[in-house]
Every structure is written in C-alpha cells, then in structure tokens.
Amino acid sequence: MDSNEESAELKKRQNLYIKQSTGLKMTKRDTEYQPLLEGITETKQKIKCPNTSLLLAICAACIGGTFQYGYNISIINSPTKSVQNFINQTWLERYEENISEQYLTLLWSSIVSIFTIGGFIGATIGGTLAIRFGRKGTLMMNNAFALLAALLMGLSYPTGLFELLIIGRFFTGVNAGIGICVQPLYLGEIAPRALRGAMAMGTSIFITGGILTGQVIGLNELLGKEEYWPILLSTTCIPAFLQLLILPWFPESPRYLLIDRGDDVGCGTAMKQLHGTDNFDREREDMERERISAMGIKPKKPWELFMDRSLRWQVLTIIVINAAQQLNGINAIYFYTDYVFEEAGIPEVNIPYVTVGTGACECLTALTCGMLIESLGRKVLIIGGYTLMAFWCICFTLTLTFQGAGPWIPYLSMGCVFAFILSFGMGPGGVTNILITELFTQTTRPAAYMIGGSVNWLSFFFIGMAFPFIVTKLQQYCFLVFLVVCVLVAVYIFLVVPETKNKTFLEIQIEFQSGEKRKASKADHSPRTTMLSTPL
C-alpha cells in the first residue's frame, strides 16, 4: 500500500469516526468499519489511583532513561578544574611542555559539547530502534552505551588518555538521546488515558531528579574532591545496572504488542499486569480502535511526516515546543546563578549548596506539575509557564540592571532565579514531552519523537555555542531575547494546540485534521455536535 492509498484508508476511517461522534448520516461504504468501531462514544473515564505495578514500571524505565540525561548534564560541572589539571598533566608527560590555554579550553569544550552530538545521534536512531526492538527492548539495549561510557571514562585516568573522556561523553550522549526519545514513548503508551499526563510526568521528574542527584554527588563531602573525579564520571553505570535488574520484570508496551506486533495474548497479559482487571476492558477498547485506524499502515519515517500535509500542524508544533525548551532562557538563568548568589553576599564556598537548592526547586515543581496536570490540563500549564517566564525575564533584567541600587536588590534577583525555575518546571519543563506523545498516533509517534528529539538536541548545541556571544554582547539584556521567545511560543500554543487532557490519541488527531468538518457539523445544530471537543 503506497502513501496515497494509506492516506485514503486513514481518511475513510476518520470520516466514520467523525460521523459516529457527531451524529451525521453514514453511507453504505461507512458500514465496512462500523462494527469494528462500536462503543466510540463511551463516557468519560474516572481518574483512579494507578496500579503499583504501573508505578514501578515507570520508575524502572526512567532510572535508566531520562534520569541519565539529567545526571550526565549535572555531574560534568563539578570536576571541571580537576579534569583540566589531568589534561595538563598528561600533556606535560607526553610532550614535556604545558598545554596552551586555548588548546586546553578547546579540549574541555569538546568533552562537554560532544555530549550533545551523541544525544542528537541517539535521538535520530531512537524511534527506529523502538519500532524494531520494542520500547522496553530498546531501553534495555541502550544501557550498553552507558556501561561502555562509564568504563572508558573510568579508565582515562589510570591509562593517561584524556581522549577516552571525549569518547565516553559521546556514548553518554547517545544513551541520553535514545533514552529521552524512547522512554517518554514507553510511558505514554503504558499509562491509562485518565492518568496519561500524570504518569508521563515521570520523564520530567526523573530529569530533574537526575540533575539534583548529580549536584549532590558532586559536592566535596561526597565525590567532588579532585582525586575522585574518575569515580564520579563512572557512576553513570549505576542507573544502567539498576534498570537492567528491574525493567525485565515489567512488560513491553501493550500498544506496541497489539498494534505493531499483533500479539493479542501478550497485550492482554501486559494490560493485566500494568492496569489490573478494573480498567482492562476500557483501555483495551481504546487500543483496539487505534489498531483499526492504523490497520495496513506501516510506521512512518520522519521525512514522511514532513511530507504528510495532514500532519503539518502537529510536526510544526513539536518543532516549536522542542526548540523553545532550550531557547527559552533557562540556560541563561543557570549561567547567572553564581553571579547573583555572589552579589547577594553568599560566600563562594557555599554557592554549590545553594545551587543544589535550585535543582531541588525544579524537582519540586516537576512533582507539583504531575499532581496538577490532570486537573488543569496541558494547555493551561504550558501557556501559564511561558507567560510567567516572560514576566520574570522582565523582572530579572531590571534587577540585574540596577544591581547596585541597594543591598536588597540582589535578593530580588535571587527571587527571580527561583521564580523562573519554578515557572519552567510547572510549564514547558513538564508538559513538552507529554504533548509529543499525545499529538500523534501509533504509526507516527516514533518518528515524531525522532524529530522532536533531534530539534531539542540541535537547539541545545546551538544555545551552547551561541549563548556566550549573546551574553557578551547583550549582558543582562539577553533576557529580552528570551522574553520574545516565551511570548511567541505562548501565543502559538494558545492559537494552534488543542487541549489533550483525557482524550484518546485518535480524538486528538482529529482535533487537528478535521477542523472544517467539526465546524460544519456544529452548523447543523446536531444535538451531538460537541462530542469531538469533549473527552471520550
């Protein structure tokens, strides 16, 4: 079946879905799929407490997934001077002269930035691996990169090869890139519809938890001393070992088993383990309707998503929100943190402990967002988050500009730091990955994560390269640039992105693809014309 036939087949099923939902008259051709789509207008699910097995499966997936991403971003900051001393000492032993400052800076920058290159490569292959080996299978295989990276970085000191640090950091990036692509995919597919947002928040919670853990482990009282830096960088193997021990006890994604592999028995077994027997039938019906919608359609490649006009707004949306997640100013806030704390009179030796407070703050907001997302919805949180970030950009610019106007101004700057981080964690930091899961169906979701992940890593790399020049040229006024980014993204989401809370993946897809048909059905004043805008 070529792409045109697939598109026609999908539209045929969607037309039936719309007609059933809106009460429009069906043709004889529509009856082909009608028996398969019975029960499409089921009532709204009640939110129940998640099954213990589901919570443990989420933890098992996250500990070797996005936790690694946050952890490896964080731990590289602590041993900066120690690693630079090691490079200088190794260079002296090899060439009997000290390394130049410019070349030392280049090598250190390579060690740090190669992580983003590895992450980009991991993101580009993550979706393909998830289709071929499954979501759980890919997460299990991905630990090989983390273990190899830990081995290489641990051997760099005894062997006197600083090049192993560059290679090791590259593999940690590949591990993080695959993890941040596949793990949210797994979480979004195993969670019940009524708890999908809260469960998918595990991605954000474990990223911030990884950042916080790395900050704590890097303190001098633990592994932050100069002689411990090889051990510190090798600790990335611990989450990998934990996932290899725990994740095998939990099943593959039921959606993947049913829709991609056609394994009815395996899907049923996985559903019972993850959801118990109470919600089993309701969740199975959702999957069955999506399976019917995807019948005969192969998983799409990223370039096929770009060529599919029916998906253009979803693709544009994930590009916008993933780019904005790196370009919204959160990196600038962390850059200014030490300066603000110094101006506030905090002793230099105590600044690492206060910085841990910023990590704890972001972790707390991720947890709070997880509790609010099913009541307030995705759209309210992400628009509210970007709006507040824009406001704090203005405040932070003013406090930095008038930093010497009074002894209390630096403390206002500290307040802006924490407020900005809180706003980020409550909005874009928590909701972005959930939206990628919900805006696509089973055949397009892996490719969407590949696109979103690639944009995220490229934006990460871009801001890392361009940010020093932006700060040098604009200084504190750089936040006016981030202000514009936050405002534009908030407006875009308000105008384009529908609320996805407690809706099936098919209904969300139709929110994008069938806007004109919904308007036409509303014009008919049918008593059921509001069905598409309410949760199934």
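Think of each chain on its own: its residues are numbered from 1, step by step along the sequence as written. Confidence filtering applies because this is a predicted model: local features only for residues at pLDDT of at least 70, side-chain atom pairs given and counted only at 80 or more, and all residues used for totals across whole chains, interfaces and linings. In computing side-chain values, all of the structure's heavy atoms are included and hydrogens and water are not.

Asker: Summarise the pattern of salt bridges; cite the residues concerned and give the values.
Answerer: By definition here, a salt bridge exists when the distance from a side-chain nitrogen of Lys or Arg to a carboxyl oxygen of Asp or Glu is within 4 Å. The tally for this structure, following the rule as stated, stands at four salt bridges. Of the charged contacts in the structure, one is a salt bridge between Arg-378 and Glu-438, with a shortest N-O distance of 2.5 Å. Here Arg-378 is found in helix 19 (residues 378-401), whereas its partner Glu-438 is found in helix 21 (residues 428-438), with 60 residues between them in sequence. Taken individually, Arg-378 and Glu-438 each receive the classification buried, so the pair is uniform in this respect. Taken together, the salt bridges that share partners define one network made up of Arg-135, Glu-189 and Arg-445. To qualify as a helix, a DSSP run of H or I must reach at least 4 residues; to qualify as a strand, a run of E must reach at least 2; elements of each kind are numbered from the N terminus. Only protein chains enter the calculation, and the probe is 1.4 Å; a residue is then buried if its accessible area is under 20% of its type maximum, exposed if over 50%, and partly exposed in between.

Asker: Tell me about helix 22 (residues 445-474), residues and numbers included.
Answerer: In this analysis the local bend is the angle between axes fitted, respectively, to the seven residues ending at and the seven residues starting at the residue. Its axis deflected by about 40° at Ala-466, helix 22 carries its strongest bend there, up to four residues before the proline Pro-468. Just downstream of helix 22, Gln-475 is the residue with a positive phi angle, here 55°.

Asker: Please set out the packing of aromatic side chains residue by residue, giving values where relevant.
Answerer: Within 6.5 Å between ring centres, the rings of Phe, Tyr and Trp (the latter by its six-membered ring) count as paired, and their orientation is classed by plane angle as stacked under 30 degrees, edge-to-face over 60, tilted in between. Following the criterion strictly, the structure yields 14 aromatic pairs and no others. Of the aromatic side chains, those joined through ring pairs into one cluster are Tyr-69, Phe-115, Trp-457 and Phe-460.

Asker: Please set out the state of the cysteines residue by residue, giving values where relevant.
Answerer: Cysteine sulfurs are considered disulfide-paired once they come within 2.5 Å of each other. A complete count under the given rule lists zero disulfides for this structure. No disulfide involves Cys-478; its sulfur sits 8.5 Å from the nearest other cysteine sulfur, which is in Cys-393.

Asker: Help me get a handle on the side chain of Thr-90, residues and values and all.
Answerer: Within the secondary structure, Thr-90 is located in helix 4 (residues 80-95). Every residue pair with non-hydrogen atoms within 4.5 Å of one another is taken to be in contact. Residues contacting Thr-90, with those up to four places away along its chain left out, are Gly-160 and Phe-162.

Asker: Got a sec to walk through unusual backbone geometry? Specific residues and values, please.
Answerer: The phi dihedral of Glu-96 is positive, around 60°, even though this residue is not glycine. Along the polypeptide, Glu-96 turns up in the loop between helix 4 and helix 5 (101-133).

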